[in-house]
Amino acid sequence: MQKETDITRNIRIIEFLKSELLTSVASLHQILLKGSKASRDALLDILANLVMVTYILGKRLGLSYGVIDSKIMDKIKIGMLEEHETEKWYGDLSDLSDYLQKHR
């Protein structure tokens, strides 16, 4: 009975996190529509929530935070090699790579 309860709880939290992710994405769209009227704190809160919920959802799906971080680094390297627009125009991927390597 305990195993069934744990499985049910895990499914419920995964569904909750998916909903939380969608809500945050919708909030991001809404705040960006406001343009310059958007509060920096509100934007920061939404972006932080997106990152946090994504990590927790990954954990609930059986992925460690380290595996997620490694995949992010792989994607950054690929983006740099393929000259992703944000890298080509602003160097954002290089900046992010440097930041993540310094804070490991």
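Scroll up for the structure.
Worth saying up front: this structure is predicted, and the values here are computed from it rather than measured.

Q: Teacher, can you tell me more about the overall build of the protein here?
A: Secondary structure summary: the protein contains five helices and zero strands in total. Each helix and strand of the protein, ordered N terminal to C terminal, gives the series α-α-α-α-α. Relative to the compact-globule value of 13 Å for 104 residues, the protein shows a C-alpha radius of gyration of 17 Å, a clear excess of over 25%. For the protein, the C-alpha atoms occupy an extent of roughly 55 × 35 × 25 Å along the three principal directions. Residues counted as buried form 18% of the 104 residues belonging to the protein. Within the protein, counting contacts between residues at least 6 apart in sequence, those at least 24 apart form 47% of the total. Taking the 15 positively charged and 15 negatively charged side chains of the protein as two groups, their mean positions are separated by 6 Å.

Q: What exactly am I supposed to notice about the packing of aromatic side chains here?
A: The description of two aromatic rings rests on the distance between their centres and on the angle between their planes. Taken as a whole, this structure holds one aromatic pair when the rule is applied. Arranged with centres 5.9 Å apart and planes meeting at 65 degrees, the rings of Tyr-55 and Tyr-65 form a pair that is edge-to-face. Remark: Tyr-65 occurs in helix H3 (residues 65–81) and Tyr-55 occurs in helix H2 (residues 40–60); sequence separation between them is ten residues. Looking at Tyr-55, the relative accessible area reads 23%, which means it is partly exposed.

Q: Teacher, can you tell me more about a nonpolar patch on the surface here?
A: Taken together, the side chains of Met-52, Ile-56 and Tyr-65 make up a nonpolar region of the molecular surface, amounting to roughly 270 Å² of accessible area. By the element assignment, Met-52 lies in helix H2.

Q: How do you make sense of the pattern of salt bridges when you look at a structure like this?
A: When charged atoms on two side chains of opposite charge get close, those side chains can pair. For the coordinates displayed, the defined rule picks out one salt bridge. Among the salt bridges present, the one from Glu-15 reaches Lys-18, with a minimum N-O distance of 3.0 Å. Of this pair, Glu-15 and Lys-18 are both found in helix H1 (residues 2–33), three residues apart, which corresponds to roughly one turn of the helix. The exposure class of Lys-18 is partly exposed, given its relative accessible area of 37%.

Q: I keep staring at the side chain of Ser-24 and nothing clicks. Help me out?
A: Relative to the helices and strands, Ser-24 resides in helix H1. Note on Ser-24: relative accessible area 6%, which makes it buried. Engagement of the side chain of Ser-24 in a polar contact is seen with the side chain of Asn-49, the distance being 2.7 Å. Discounting residues that sit within four places of it in the chain, Ser-24 has contacts with Ile-46, Asn-49 and Leu-50.

About the criteria used
Residues numbered from 1 in each chain as written. Predicted model: local features only at pLDDT ≥ 70, side-chain atom pairs only at ≥ 80, totals over all residues. Heavy atoms only, no water. Helix = DSSP H or I, 4+ residues; strand = E, 2+ residues; numbered from the N terminus. Rg over C-alpha atoms; globule rule 2.2 N^0.38 Å. Buried < 20%, exposed > 50% of the residue type's maximum accessible area, 1.4 Å probe, protein only. Contact = heavy atoms within 4.5 Å. Lys, Arg positive; Asp, Glu negative; His and termini not counted. Charge placed at Lys NZ, Arg CZ, Asp CG, Glu CD. Phe/Tyr/Trp six-rings, centres within 6.5 Å; stacked < 30°, edge-to-face > 60°. Patch = residues over 30% accessible without salt bridge, like charges linked within 9 Å, V, L, I, M, F, W, Y side chains within 5 Å. Areas by Shrake-Rupley, 256 points an atom, 1.4 Å probe, with all protein chains shown as cover. Salt bridge = Lys/Arg side-chain N within 4 Å of Asp/Glu carboxyl O. Polar contact = N/O pair within 3.5 Å; in protein donor to acceptor, adjacent residues only side chain to side chain.

So yeah, pure geometry; function would need other evidence.
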